[in-house]
Amino acid sequence: MIARALDLLVPPSCAACGLPGGALCAGCRGALRPIPAPACGGCGHPVPIPVTRCPACRPALLWARQAVLYAGPAPRLVAALKDRRRRALARVVADLLATVPRPPAGAVLVPVPLGARRMRERGFNQSLLIAEALGARWGAPVEDVLARVREEAPQRGASADARARQVAAAFAVRPG
């Protein structure tokens, strides 16, 4: 009831462009670009010819996919979820992710944990919210089995190599 009253006073706006309306307007949703085919069978990155594993694949990674290129409205959508605490966008992101091929049978969705400081600032883990919404759509289990053992600086704007160095040894499997 309070949310409806707030919607009347301050109508929801598109997370990417700010226009009044839904969480992601039709124009911004249409501007999101799917990953072009062919894609690597391991990490899902675009490749010139179909391959089972590409040079960018991490050895321990069995399967990963992204729904859209991280360009256009996509970065603003993610920033609104994380920085402006628009939790409802987790369902929008999960809807986008639900368009990619399902993971292999028996796969488990594992959200990336936040550090304690970031969790206090944000009040929620966007990765967990997305995994729960996507898991419900796919009927896939979500296992919160990772722990962050080292806090790092925000990765936004860092190169791929710098991001890889930052997260090396930053996570561990929870006991049990």
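This is a predicted model, so every value here is computed, not measured.

**Student:** What's the story with the overall build of the protein in this structure? I'm lost.
**Tutor:** Per the secondary structure count, the protein includes seven helices and two strands. Ordered by position from N to C terminus, the α and β elements of the protein give α-α-α-α-α-α-β-α-β. The C-alpha atoms of the protein give 17 Å as radius of gyration, which agrees with the globular expectation for 176 residues (16 Å, within 12%). With the C-alpha coordinates of the protein rotated into their principal frame, the extents come out at 50 × 40 × 35 Å. Across the 176 residues of the protein, 31% fall into the buried class. Partitioning the intrachain contacts of the protein with sequence separation of at least 6 by distance along the chain shows that 54% fall at a separation of at least 24. Counting every atom, the protein has about 11000 Å² of accessible surface; 62% of that belongs to carbon and sulfur.

**Student:** Explain the nonpolar core to me, please; I cannot follow it from the model alone.
**Tutor:** Soluble globular proteins: nonpolar side chains tend toward being buried together. Within the largest apolar cluster, 31 residues are counted, with the highest numbers of intra-cluster contacts made by L24, L77, L89, L134 and W138. With residues up to four places along the chain from it excluded, the contact list for L89 reads A15, A23, L77, A80 and L81. Formed by five residues, the second largest nonpolar core is a distinct cluster that contains C40, C43, V47 and C57.

**Student:** Please explain the pattern of salt bridges as it appears in this structure.
**Tutor:** Here the idea is simple: oppositely charged side chains can pair when their charged atoms come close. This model, assessed by the stated rule, comprises four salt bridges. In this structure, the salt-bridge partner of R137 is D95, at a minimum N-O distance of 2.6 Å. You can see R137 sitting in helix α6 (residues 126-138) and its partner D95 sitting in helix α4 (residues 89-97), a full 42 residues away along the chain. Residue classification places R137 among the partly exposed positions, given a relative accessible area of 45%. The exposure class assigned to D95 is partly exposed, which follows from its relative accessible area of 30%. Of the charged contacts, one joins R174 and D144 as a salt bridge, the two residues approaching to 4.0 Å between their closest N and O atoms. Here R174, found in the segment after β2 (171-173), pairs with D144, found in the loop between α6 and β1 (146-148); they are 30 residues apart in sequence, far enough to count as distant. Given the relative accessible area of 37%, D144 is considered partly exposed. A cluster of three or more residues bridged by salt bridges with shared partners is formed by R117, R118 and E121.

**Student:** Looking at this model, I keep getting lost on the packing of α4 against α6. Mind explaining?
**Tutor:** To describe two helices that pack against each other, one gives the angle between their axes and the distance between the axes. One can describe the packing of α4 onto α6 by two numbers: an axis separation of 8 Å at closest approach and a directional angle of 50°. As the angle between them shows, α4 and α6 are arranged oblique. Seen from above, α4 lies across α6 with right-handed handedness. Contact with α4, carried on its side by A90, R91, V93, A94, D95 and L97, involves L129, I130, A133, L134, R137 and W138 of α6 and no other residues of that element. Here the contact of α4 with α6 is built from residues that sort into nine nonpolar, no polar and three charged.

**Student:** What exactly am I supposed to notice about α6 here?
**Tutor:** An α-helical segment advances 3.6 residues per turn. Residues three or four places apart therefore align on the same side. Relative to the 18 Å expected for 13 residues at 1.5 Å per residue, α6 spans 18 Å between its end C-alpha atoms, a close match to the ideal helical length. Q126, S127, L129, I130, A131, A133, L134, G135 and W138 are the residues of α6 that are buried. Those residues of α6 that are buried lie in contact with α3 (74-83), α4 and α5 (116-122). Looking one or two residues past α6, G139 carries a phi angle of roughly 70°, positive in sign.

Here is what the cut-offs are and how they apply
- Residues numbered from 1 in each chain as written.
- Predicted model: local features only at pLDDT ≥ 70, side-chain atom pairs only at ≥ 80, totals over all residues.
- Heavy atoms only, no water.
- Helix = DSSP H or I, 4+ residues; strand = E, 2+ residues; numbered from the N terminus.
- Rg over C-alpha atoms; globule rule 2.2 N^0.38 Å.
- Buried < 20%, exposed > 50% of the residue type's maximum accessible area, 1.4 Å probe, protein only.
- Contact = heavy atoms within 4.5 Å.
- Areas by Shrake-Rupley, 256 points an atom, 1.4 Å probe, with all protein chains shown as cover.
- Core = buried A, V, L, I, M, F, W, Y, C linked by side-chain atoms within 4.5 Å.
- Salt bridge = Lys/Arg side-chain N within 4 Å of Asp/Glu carboxyl O.
- Axes fitted to C-alpha atoms, helices over the stretch in contact; angles between N-to-C directions.
- Parallel < 35°, antiparallel > 145°, perpendicular 65-115°, else oblique.
- Left-handed = near helix turned anticlockwise from the far one by under 90°.
- Nonpolar A, V, L, I, M, F, W, Y, C, P; charged D, E, K, R; others polar.
- Expected span 1.5 Å × (residues − 1).

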